[in-house]
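# Remarks on the overall topology
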Amino acid sequence: MIMEPESLQNVFDSAFAGIGQAREACTPQLRLQEVGTITSIATGIATVTGLPGVGFEEVLKFPCDVYGVAFNVDEDEIGVVLLGDYWQLHAGDEVERRGHVMDVPVGDGLIGRIINPMGHPLDGNGPLASGSRLPVERPAASIMDRAPVTVPLQTGIKVIDALIPVGRGQRELILGDRQTGKTAIALDTILNQRDQNVLCVYCAIGQRASGVAKVIAALRENGAMDYTVVVVTEGNDPPGLAYIAPYAATSIAEYFMEQGRDVLIIYDDLTHHARAYRELSLLLRRPPGREAFPGDIFYIHSRLLERATHLCPELGGGSLTALPIIETEAQDISAYIPTNLISITDGQIYLSPSLFELGVLPAVDVGKSVSRVGGKAQHAAYRAVAGDLKLAYAQFEELETFSRFGARLDESTRKIIEHGRRIRACLKQPEFTPVSVAAQIAVLLALTAKLFDNVPMEQMTDAELAVRESAEEIPAEVSARFGTADQLSDEDREAIIAIARQALARFQPEPEAKPETSTRPESDAKSKPETEAEEMS
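Residues numbered from 1 in each chain as written. Predicted model: local features only at pLDDT ≥ 70, side-chain atom pairs only at ≥ 80, totals over all residues. Heavy atoms only, no water.

## Let's talk about the overall build of the protein
- The number of helices and strands found in the protein is 18 helices and 16 strands.
- The C-alpha radius of gyration computed for the protein amounts to 31 Å, which surpasses the reference 24 Å derived for 537 residues by more than 25%, pointing to a less compact arrangement than a globule.
- Overall size of the protein, expressed as C-alpha extent along the three principal axes, is 125 × 65 × 50 Å.
- Burial statistics for the protein: of 537 residues in total, 49% are counted as buried.
- Considering only contacts in the protein between residues 6 or more positions apart, those separated by 24 or more positions represent 74%.
- When the accessible surface of the protein is summed, it comes to about 26,400 Å², and 52% of that surface belongs to carbon and sulfur atoms. (Helix = DSSP H or I, 4+ residues; strand = E, 2+ residues; numbered from the N terminus. Rg over C-alpha atoms; globule rule 2.2 N^0.38 Å. Buried < 20%, exposed > 50% of the residue type's maximum accessible area, 1.4 Å probe, protein only. Contact = heavy atoms within 4.5 Å. Areas by Shrake-Rupley, 256 points an atom, 1.4 Å probe, with all protein chains shown as cover.)

This is the structure:
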């Protein structure tokens with residue numbers, strides 16, 4: 001289509017007229033802008049002068065689109081934590097104030113995405129669809145805005161849901177030496193939230209890129225990215241990014257909590273977070289304390305974990321459940337950072353290297369693990385069996401240690417040990433195989449009824465799987481009561497135990513050959529002792 005010259009001229013005239021009107025309507029304004037200067041650069045930090053009005057934690061912009069956060073606000077200079085690649089910065093470069101604190105994009109557009117703490121996408125799926133931003137540092141909800149923890153967060157892991165339960169709004173610490181399965185427990189918990197109306201935020205703090213890629217691959221393979229946000233800082237990122245990562249992830253989770261939704265957040269792990277903060281503090285010349293950590297190391301974790309809560313119904317009734325992970329060294333749970341976090345959280349799940357080496361997976365040490373809140377939120381069906389189970393397991397662990405000395409055991413002690421071994425075998429669970437509530441209760445009731453005690457140990461895995469599969473036969477009216485506050489009636493228990501007993505019938509050992517000796521002819525029975533006597537003579 002060829003446009004006539006007169007019409008083309010009219011288009012240009014109208015366009016230029018609009019530009020002229022916009023130019024006349026614009027009145028330039030003079031405003032004061034502070035521009036500072038870099039005086040020195042170190043690993044992840046910069047010292048800046050010439051910004052007298054800067055505030056604590058205000059964002060500063062450096063050349064090459066590098067940003068930083070004002071950390072030390074002194075009279076003559078500012079210590080800035082850098083949040084990007086600082087190798088191209090030099091002393092003498094100009095620094096601008098941005099006039100706001102560090103914030104992060106939030107919203108439903110982040111679900112299924114992988115981002116860094118500054119909100120930049122890392123998954124190659126284009127820009128984020130976010131309409132609002134929240135500061136990474138926000139005050140925790142006041143006491144009057146909180147409600148009691150009353151609803152359980154099912155992890156799908158039998159030993160945790162039965163003996164160390166977690167409630168929605170609780171903070172449960174996961175700690176243990178390296179390579180004991182801490183991240184595996186967090187991942188299983190995320191996978192179990194499918195169809196549970198729980199959003200998940202996984203925050204990787206200073207992890208190896210290969211480890212983060214493995215976690216993301218597991219989430220994608222199991223369809224968990226549909227309800228998960230992943231916030232990533234890798235080991236080669238600046239320490240400033242590792243420091244702000246958990247706060248940014250918490251702000252993202254809080255947005256969903258304030259919409260009335262239930263959210264689970266995983267911090268993997270806070271050991272790297274504490275070390276990044278220690279590195280920054282020492283470079284900024286802050287005085288070191290115990291284990292070279294600064295004196296406010298407790299405060300950075302307490303103000304983070306205090307943001308996990310269950311909001312009251314007037315504020316939507318949403319919840320934020322935190323599962324912080326921390327790494328111990330040589331099983332030393334009395335070190336500085338582990339004791340800090342144990343005192344901040346509402347319980348801990350301790351993973352034992354010795355159990356891991358024995359093949360007891362997950363390697364949860366029930367004796368050193370505790371939940372100070374979740375028992376109140378636990379389903380009544382669990383409470384009916386969990387108390388007896390934990391006592392029996394504790395007795396077994398004590399007697400097992402004693403029996404290693406070669407002491408002669410009486411029959412009752414031997415039965416306790418054999419029963420405890422069956423409990424331990426039933427609590428084993430492969431990775432990425434969360435177990436439903438009905439299947440867990442069927443297994444636990446079968447354990448308390450001692451239905452497994454006659455099953456040979458080498459068949460325990462198959463026997464436990466058979467009981468889990470038989471849980472589908474539980475009547476619908478019985479399984480409907482599992483998620484309520486109602487106690488299981490005696491009829492319900494008997495119905496479940498009968499189903500489990502039927503499933504275990506094929507695993508019971510064959511009766512010994514006593515009936516054959518009783519039905520044998522009397523002459524044969526007499527001839528055997530005689531021949532034995534002759535042989536001895």
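Next comes the rest of the description.
## Re the packing of helix H7 (residues 297-305) against helix H8 (residues 336-344)
- Between H7 and H8, the least distance of the axes is 10 Å, while the angle of their chain directions is 35 degrees. At the point where H7 passes H8, the crossing takes the right-handed sense. Listed contacts from H8 to Ile 297, Phe 298, His 301, Ser 302 and Leu 305 of H7 are Tyr 336, Ile 337, Asn 340, Leu 341, Ser 343 and Ile 344. (Axes fitted to C-alpha atoms, helices over the stretch in contact; angles between N-to-C directions. Left-handed = near helix turned anticlockwise from the far one by under 90°.)

## Considerations on the sheet that holds strand S16 (residues 370-371)
- What the eight strands build is an open sheet, ordered S8-S12-S11-S13-S14-S10-S15-S16; its pairing is mixed. Whereas interior strands pair on both sides, the edge strands pair on one side only; in this sheet they are strand S8 (114-115) and S16.
- As paired elements, strand S11 (residues 198-207) and strand S13 (residues 262-268) share seven bridges and run parallel to each other. Its bridge partner being in S13, Leu 199 is matched across the sheet by Val 263. (Pairing = 2+ DSSP bridges.)

## Quick notes on the UniProt feature "binding site: ATP" (unreviewed entry) in the protein
- The feature "binding site: ATP" (unreviewed entry), as annotated in UniProt, sits at Gly 176, Asp 177, Arg 178, Gln 179, Thr 180, Gly 181, Lys 182 and Thr 183 in this numbering.
- Summarising the element assignment, Gly 176 is placed in strand S10 (residues 173-176).
- Residues contacting Gly 176, with those up to four places away along its chain left out, are Lys 182, Ile 326, Glu 327, Thr 328, Tyr 350 and Leu 351.
- Here Asp 177 is to be found in the loop between S10 and helix H3 (182-191).
- Residues contacting Asp 177, with those up to four places away along its chain left out, are Lys 182, Glu 327, Thr 328, Glu 329, Ala 330, Gln 331, Leu 351 and Pro 353. (UniProt positions renumbered as here; feature names shortened; annotations may be inferred.)

## Looking at the sheet that holds strand S2 (residues 45-49)
- Reading around the circumference, S1-S2-S5-S4-S3-S6 is the order of the six strands in this closed barrel, with antiparallel pairing throughout. Across the sheet, the mean angle separating the axes of adjacent strands is 45 degrees when strand polarity is ignored.
- Where strand S1 (residues 35-42) meets S2, five bridges bridge the pair, whose relative direction is antiparallel. When the sheet's bridge partners are listed, Ser 40 is paired in S2 with Thr 47.

## Observations regarding the side chain of His 419
- Looking at the element boundaries, His 419 is found in helix H12 (residues 411-427).
- Apart from the residues lying within four places of it in its own chain, the contact partners of His 419 are Ala 392, Leu 447, Lys 450 and Asp 453.

## Thoughts on the packing of aromatic side chains
- Taken as a whole and assessed by the stated rule, the structure comprises ten aromatic pairs.
- For the ring pair Phe 71 and Tyr 243, a centre distance of 5.4 Å and an interplane angle of 90 degrees mean the geometry is edge-to-face. Of this pair, Phe 71 sits in strand S4 (residues 66-73) while Tyr 243 sits in helix H5 (residues 239-258); the two residues are 172 residues apart in sequence, bridging distant segments of the chain. Judged on exposure class, the residue Phe 71 and its partner Tyr 243 are both buried.
- With a centroid separation of 5.9 Å and an interplanar angle of 45 degrees, the aromatic rings of Tyr 393 and Phe 396 are classed as tilted. With Tyr 393 and Phe 396 both in helix H11 (residues 380-403), this residue pair falls three residues apart, about one helical turn. Across the pair, exposure class does not vary: Tyr 393 and Phe 396 are buried alike.
- An aromatic cluster is built from Phe 56, Phe 71, Tyr 243, Tyr 247 and Tyr 277, whose rings are joined through pairwise contacts.
- The side chain of Arg 278 reaches across the aromatic face of Phe 293, ending 4.2 Å from its centre. (Phe/Tyr/Trp six-rings, centres within 6.5 Å; stacked < 30°, edge-to-face > 60°. Lys NZ or Arg CZ within 6 Å of the ring centre and 35° of its normal.)

## Focus: the UniProt feature "site: Required for activity" (unreviewed entry) in the protein
- Taken from the UniProt record, the annotation "site: Required for activity" (unreviewed entry) applies to Ser 369.
- In this fold, Ser 369 is placed in the loop between helix H9 (353-357) and S16.
- From its side chain, Ser 369 meets the backbone nitrogen of Tyr 350 in a polar contact 2.9 Å long. (Polar contact = N/O pair within 3.5 Å; in protein donor to acceptor, adjacent residues only side chain to side chain.)

## Section: H12
- Here H12 is 17 residues long and its end C-alpha atoms lie 25 Å apart, about the 24 Å a rise of 1.5 Å per residue gives.
- Buried-residue contacts for H12 involve helix H2 (158-163), H9, H11, helix H13 (437-448) and helix H14 (460-470). (Expected span 1.5 Å × (residues − 1).)

## Details of the pattern of salt bridges
- One pass over the full model with this rule turns up 24 salt bridges.
- Notably, a salt bridge pairs Arg 138 with Glu 258, separated by 3.1 Å at the nearest N-O pair. Note that Arg 138 is positioned in the loop between strand S9 (132-135) and H2 and Glu 258 in helix H5, a separation of 120 residues in sequence.
- We note a salt bridge from Arg 424 to Glu 400, for which the minimum N-O separation is 3.3 Å. Note that Arg 424 is positioned in helix H12 and Glu 400 in helix H11, a separation of 24 residues in sequence.
- Residue classification places Arg 424 among the buried positions, given a relative accessible area of 12%.
- The network of salt bridges with common partners includes Arg 138, Glu 254, Glu 258 and Arg 307. (Salt bridge = Lys/Arg side-chain N within 4 Å of Asp/Glu carboxyl O.)

## Quick notes on the nonpolar core
- Grouped together as the largest cluster of nonpolar side chains are 137 residues, with contacts concentrated most on Ile 190, Leu 219, Ile 252, Tyr 267, Phe 452, Phe 482 and Ile 496.
- Looking at this core, the element that brings in the most residues is H5, giving twelve residues.
- Filtering out sequence-adjacent residues up to four positions away, Tyr 267 remains in contact with Cys 203, Ile 205, Pro 246, Thr 250, Leu 304, Leu 305, Ala 322, Leu 323, Pro 324 and Ile 325.
- Formed by 15 residues, the second largest nonpolar core is a distinct cluster that contains Leu 60, Ile 78, Val 80 and Leu 82. (Core = buried A, V, L, I, M, F, W, Y, C linked by side-chain atoms within 4.5 Å.)

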